[in-house]
Amino acid sequence: RDGGLVSLSLQENNRLRFTLVSGSVLVLALIGVYFQGGKLGVEYLRTEQLRRHLEILRGLAESPTQYRILTEWLVELWLGILEWLRLPDPLVIGFLSFRVAQNVVILGLCAVYYRRLGLGLPAVLAALAVITWSMTHSLFDSDLSFNLYSDLIFYVIGGVLILGGRDVWLVPLVALAAVNRETSGLIVGMMFLARYTRGRGWDRRTLLVTAASLLAFAAAFLAVRWAFGPRPLTVPHGHTPGLDLLSFNLFRRQTWVHLAAVWSVFPLIALLGFRRLPVLLRRWLLWIPPIWV
């Protein structure tokens, strides 16, 4: 009888945790869209956001934006469904609801990821709030950036698969991710670093999966560029990529103001607590953020 009561109590506790996390994910996702959509404004969505979306679909966007096509296909499919349902203002509703869905998936996957890392419920909820805070401050000189949010989804899926020991699924994952955005290539390195053992290196299976993932990424990367052909390179504010664009960003006040808003004090906290992090997170922290920045 006592065992049954304990089992029932655990089930109720798990339901409570699931309800609390699910409710938090939904609320935070909506809060994020409230700020993201409010910052850009409805008129922006009907004009600039739509223009950028259509340019990619029609093969008229600049490089590398033109080759970030997967999420735009999904957005177009969603807009078509809403238009078929004859909803009022399907364009604005479609853009914002798609972002709600992206936020829900990102935060939901992050909750799973953090739990697999061993974080308790309070830490998980705090982490989800931090992510939402950062995403609401990431709109300077940008649109809704659907492909970037999908990139985050692919990264978190990769982390969950690696923690679950399902490395082979990274092969189709990185192929899909490459059609969405070229920055997803670092996912392959996440698995490679995760499976390193001091003194023994990597086992044969890890090397095979890594090689297959690299080939899948390269094939998808090249295929999407072959399909759309060469496109002129994006030149932000008239500054060519390289030292010219780097110096422009480094000496622009807005860069540091908005970077501080997005990052807040959390990189400092991560560095101060670096030695207390699990080895896996140390490896990923040294691998992804420096290259991305």
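Residues numbered from 1 in each chain as written. Predicted model: local features only at pLDDT ≥ 70, side-chain atom pairs only at ≥ 80, totals over all residues. Heavy atoms only, no water.

Caption draft 1: Up close: the overall build of the protein. Across its full length, the protein holds 13 helices and 0 strands. Listing each helix as α and each strand as β along the protein from the N terminus yields α-α-α-α-α-α-α-α-α-α-α-α-α. Structurally, the protein occupies a C-alpha span of about 65 × 50 × 40 Å along its principal axes. For the protein, the share of sequence-separated contacts (at least 6 apart) that also reach a separation of at least 24 residues comes to 72%. Of the roughly 17000 Å² of accessible surface on the protein, a fraction of 68% belongs to carbon and sulfur atoms. Seen as two clouds, the 28 positive and the 17 negative side-chain charges of the protein have centres 12 Å apart. (Helix = DSSP H or I, 4+ residues; strand = E, 2+ residues; numbered from the N terminus. Contact = heavy atoms within 4.5 Å. Areas by Shrake-Rupley, 256 points an atom, 1.4 Å probe, with all protein chains shown as cover. Lys, Arg positive; Asp, Glu negative; His and termini not counted. Charge placed at Lys NZ, Arg CZ, Asp CG, Glu CD.)

Caption draft 2: Quick peek at the packing of helix α8 (residues 186-194) against helix α13 (residues 279-292). Where α8 meets α13, the closest approach of the two axes is 10 Å, and the angle between their N-to-C directions is 155 degrees. On the basis of the axis angle, α8 is roughly antiparallel to α13. α13 is crossed by α8, and the crossing has right-handed handedness. Where α8 abuts α13, its residues L186, G189, M190, L193 and A194 lie against L280, R283, W284, W287, I288 and I291. Classifying every residue of the contact of α8 with α13 by side-chain character gives 9 nonpolar, 1 polar and 1 charged. (Axes fitted to C-alpha atoms, helices over the stretch in contact; angles between N-to-C directions. Parallel < 35°, antiparallel > 145°, perpendicular 65-115°, else oblique. Left-handed = near helix turned anticlockwise from the far one by under 90°. Nonpolar A, V, L, I, M, F, W, Y, C, P; charged D, E, K, R; others polar.)

Caption draft 3: Representation of the packing of helix α6 (residues 146-163) against α13 in the model. Running from amino to carboxyl end, α6 crosses α13 at an angle of 160 degrees, the nearest separation of the two axes being 14 Å. As summarised for this structure, α6 and α13 are arranged roughly antiparallel, according to the angle between their axes. By crossing handedness, the relation of α6 to α13 is classed as right-handed. Contact residues: α6 offers L148, D151, Y155, G159, I162 and L163, while α13 offers L280, W284, I288 and W292. Here the contact of α6 with α13 is built from residues that sort into 8 nonpolar, 1 polar and 1 charged.

Caption draft 4: Structural context of the packing of aromatic side chains. Within this structure, the stated rule accounts for 8 aromatic pairs. Ring centres of F192 and W202 lie 4.1 Å apart, and the angle between their planes is 10 degrees; on these two criteria the pair is classed as stacked. Of the two residues, F192 sits in helix α8 while W202 sits in the loop between α8 and α9 (204-228), which places them 10 residues apart along the sequence. You can call F192 partly exposed: its relative accessible area is 25%. You can call W202 partly exposed: its relative accessible area is 32%. Put simply, the rings of F95, F98 and F146 touch in pairs and so form one group of aromatic residues. Just above the ring of Y149 sits the side chain of R99; from NZ or CZ to the centre is 3.6 Å. Between the NZ or CZ atom of R225 and the centre of the ring of F221, over which it lies, the distance is 3.6 Å. (Phe/Tyr/Trp six-rings, centres within 6.5 Å; stacked < 30°, edge-to-face > 60°. Buried < 20%, exposed > 50% of the residue type's maximum accessible area, 1.4 Å probe, protein only. Lys NZ or Arg CZ within 6 Å of the ring centre and 35° of its normal.)

Caption draft 5: Region of the structure containing a nonpolar patch on the surface. Judged by side-chain polarity, L77, W78, I81, W84, L85, L87 and I93 come together as a nonpolar surface patch covering roughly 690 Å² of accessible area. With 4 residues, helix α3 (residues 70-84) is the single largest residue contributor to the nonpolar patch. Turning to its location among the elements, L87 is positioned in the loop between α3 and α4 (90-116). Since its relative accessible area comes to 33%, L87 is described here as partly exposed. (Patch = residues over 30% accessible without salt bridge, like charges linked within 9 Å, V, L, I, M, F, W, Y side chains within 5 Å. Salt bridge = Lys/Arg side-chain N within 4 Å of Asp/Glu carboxyl O.)

Caption draft 6: Here's a closer look at α6. End to end, α6 covers 26 Å across 18 residues, agreeing with the expected 26 Å (1.5 Å per residue, within 8%). Counting buried residues in α6 gives 14 out of 18 residues, a clear majority hidden from the surface. With its phi angle positive at about 75 degrees, G165 sits one or two positions after the end of α6. (Expected span 1.5 Å × (residues − 1).)

Caption draft 7: Quick look at the environment of T65. By secondary structure assignment, the location of T65 is in the loop between α2 (42-57) and α3. Judged by its relative accessible area of 28%, T65 is partly exposed. For the pair formed by T65 and N147, sequence separation is 82 residues and the distance between their alpha carbons is 9.2 Å. Those residues in contact with T65 that sit more than four places away from it in its chain are I56 and T234.

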